[in-house]
Amino acid sequence: MESQKIILKPVITEASTAEMDNKRYVFDVATQATKPQIKAAIEELFDVKVVKLNVINVKGKKKRVGRYVGYTNKRRKAIATLSPDSKAIKFFEE
């Protein structure tokens, strides 16, 4: 699997932005990707060293529109902790 297809997008929330100071980054990843594939993709795309990787499967939420009930898409999040000597990942231009 290609690295661009494994790492879908960064998750930019208030909590994840606060963790960027500690070199912890959150990404949405492909649901069929494994931990070693995710780690290799992050290291290849951003040229950093990943020390720790946590992966979370997020179930879809139940949503209603009138009398019709459905679910949002399920997704998978990866929280990557970088080594202290690796450079920071820049999502925003400064």
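Right above here is the structure, for reference.
Residues numbered from 1 in each chain as written. Predicted model: local features only at pLDDT ≥ 70, side-chain atom pairs only at ≥ 80, totals over all residues. Heavy atoms only, no water.

Trainee: I tried to follow the pattern of salt bridges on my own but got confused; where do I start?
Mentor: Pairs can form between side chains of opposite charge whenever their charged atoms are close. Evaluation of the coordinates by the stated rule reveals four salt bridges. Close ionic contact of Asp28 with Lys9 constitutes a salt bridge, the shortest N to O distance being 3.9 Å. Separated by 19 residues along the polypeptide, Asp28 in strand S2 (residues 24-29) and Lys9 in strand S1 (residues 7-10) bring together distant segments of the chain. Residue Asp28 is classed as buried on the basis of its relative accessible area of 7%. Overall, the relative accessible area of 47% leaves Lys9 in the partly exposed class. A salt bridge links Arg75 to Asp28; the shortest N-O distance between them is 2.8 Å. With Arg75 in strand S6 (residues 75-82) and Asp28 in strand S2, the pair connects residues that are 47 residues apart, well separated along the chain. (Salt bridge = Lys/Arg side-chain N within 4 Å of Asp/Glu carboxyl O. Helix = DSSP H or I, 4+ residues; strand = E, 2+ residues; numbered from the N terminus. Buried < 20%, exposed > 50% of the residue type's maximum accessible area, 1.4 Å probe, protein only.)

Trainee: When you look at the sheet that holds S1 in this model, what are you seeing that I'm missing?
Mentor: Two strands in a sheet stick together by hydrogen bonds in their backbones, pointing the same way (parallel) or opposite ways (antiparallel). With antiparallel pairing, four strands are arranged side by side in an open sheet as S1-S2-S6-S3. The sheet is open, and its two borders are formed by S1 and strand S3 (50-58), each paired with just one other strand. In this sheet, adjacent strand axes meet at a mean angle of 30 degrees when their direction is disregarded. Bridge count for S1 against S2 is three bridges, and the pairing is antiparallel. Of the residues in S2, the one forming a bridge with Ile7 is Val29. Together, S1, S2, S3 and S6 form the strand contacts of helix H3 (residues 35-46), whose direction differs from that of S3 by roughly 125 degrees. (Pairing = 2+ DSSP bridges. Axes fitted to C-alpha atoms, helices over the stretch in contact; angles between N-to-C directions. Contact = heavy atoms within 4.5 Å.)

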